[in-house]
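# Examining the three-dimensional arrangement
Next come the chains, spelled out residue by residue.
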Amino acid sequence: MAAIETHGLVKRFGTNIAVDGVDLSIPSGGVYGVLGPNGAGKTTTIRMLATLLPIDGGNARVLGHDVANEPEAVRQKVALTGQFASLDEDLTGTENLVLLARLLGYSRPAVRSRAEQLLTAFDIADAGPRQVKTYSGGMRRRIDIAASIIVTPELIFLDEPTTGLDPRSRNHVWEIVRALVAGGTTVLLTTQYLDEADQLAGRVAVIDRGKVIAEGTTGELKASVGSNSLHLRVLETSQRTAAARILRDLLGDNVTEDPDPFTVTARLDNPAQAAPVLPALDTAGIPIASFTLGQPSLDEVFLALTGHGAGVEPAGTTRGAGVEPAGTTYQAGTTVESDREVAS
Ligand SMILES: Nc1ncnc2c1ncn2[C@@H]1O[C@H](COP(=O)(O)OP(=O)(O)OP(=O)(O)O)[C@@H](O)[C@H]1O
Ligand SMILES: [Mg+2]
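Presented here is a report on the structure given in the accompanying data block. For clarity, every value in this text was computed on a predicted model and none was experimentally measured.

What counts and what doesn't
Residues numbered from 1 in each chain as written. Chains lettered and ligands numbered in written order. Predicted model: local features only at pLDDT ≥ 70, side-chain atom pairs only at ≥ 80, totals over all residues. Heavy atoms only, no water. Pairing = 2+ DSSP bridges. Helix = DSSP H or I, 4+ residues; strand = E, 2+ residues; numbered from the N terminus. Axes fitted to C-alpha atoms, helices over the stretch in contact; angles between N-to-C directions. Buried < 20%, exposed > 50% of the residue type's maximum accessible area, 1.4 Å probe, protein only. Contact = heavy atoms within 4.5 Å.

### Points about the sheet that holds strand β11 (residues 228-234)
Pairing is antiparallel in the open sheet, where four strands are placed in the order β12-β13-β11-β14. Here the strands that pair on one side only, and so sit at the sheet edges, are β12 (255-257) and β14 (288-294). Across the sheet, the axes of successive neighbouring strands diverge by a mean angle of 15 degrees, strand direction being ignored. Alignment of β12 against strand β13 (residues 263-268), held across three bridges, turns out to be antiparallel. Bridge assignment links Val255 to a residue of β13, and that residue is Ala266.

Next up, the structure:
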């Protein structure tokens, strides 16, 4: 049985169709990545699947239960940590976990030990007695996830769990995600970082403007944009245009000038096509800092599919990455849902 199955899922906000006929079939076990630029509809999709937002069209089954008709059954089984704050900032870490554990029906003695166990597992035991508002971003993200797995869920939604984190905290969250998967939990993860999806996700769906525009394993998606990718880095930004022209002459139109002003990327059908590039650059007197040939990155896949990089705001929208308070927990089966989300 698929963990999640959706058919023609739709969500409208006024005239804005945020989710526009999304079909997903997400297998049980492992991490499934949902990628897409700001405003693509990732959070909205997750919120419908987690029964936090009514569905306007189509249907969805989560762990075998129809989301619209059996929301209670879904809520019992899933957890969601997301971009929107809901832990009580004025309570300590321990108090928050204890409160949630009580709401989830843990007995009084069991509550303390479960809270301590989680704080230790997430390496924030020292911060347990401190108010959550004093936590760093990385600590905050860890307690959010801890809060959402007080009861080991069959399925957890992680909405951008590492946005804004430093590399060390990010690695820590990745370890937590891997541990969840090892424990049998299915993880649906949204991210703006394609290397994160590459690291964690078996399969991914790319969503843009409310529609699924690609789906498959990360390897399949990379193969779909060409098997090889040439990355060229010039020493001076002023020489990039000339370098790109030479690449186009030799390789045709699959040449992109990246957001990084020093680099040019070209897609190749065959690595041998790269052979004449170095002599041609040399003849033109363009010194280069690096020249690499390899599999395309998911960033390139994304650019090829959407025409813009991950995290780049599509024209005409006003929402930006990171404007929402990042890091948060909706605990399934409780009433801790925040009203702050409305401000998003
Ligand atoms: N509560 C709401 N009321 C009105 N419009 C909304 C609401 N929530 C989301 N939207 C709109 O729906 C669209 C999809 O938003 P959503 O938050 O699902 O995108 P996202 O893919 O999660 O983006 P991000 O990467 O920035 O988190 C956007 O156009 C957004 O402005
Ligand atoms: Mg979002």
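On we go.
### Some remarks on the environment of Leu305
Following the sequence through the fold, Leu305 ends up in helix α11 (residues 298-306). C-alpha separation for the pair Leu305 and Asp208, spaced 97 residues apart in sequence, amounts to 9.1 Å.

### Let's talk about helix α1 (residues 42-49)
Most of α1 is tucked away, with eight of its eight residues classed as buried. All of the buried residues in α1 are Lys42, Thr43, Thr44, Thr45, Ile46, Arg47, Met48 and Leu49. Thr51 occupies a position one or two residues after α1 and carries a positive phi of about 70 degrees.

### Some words on the sheet that holds strand β5 (residues 65-66)
Strand-to-strand pairing in sheets goes through backbone hydrogen bonds, with the strands running parallel or antiparallel. What the four strands build is an open sheet, ordered β2-β1-β4-β5; its pairing is antiparallel. Single-partner strands in this sheet number two, and they are β2 (16-26) and β5. Across the sheet, α1 touches β1 (4-13), β2 and β4 (57-62), and the angle it forms with β1 is around 115 degrees.

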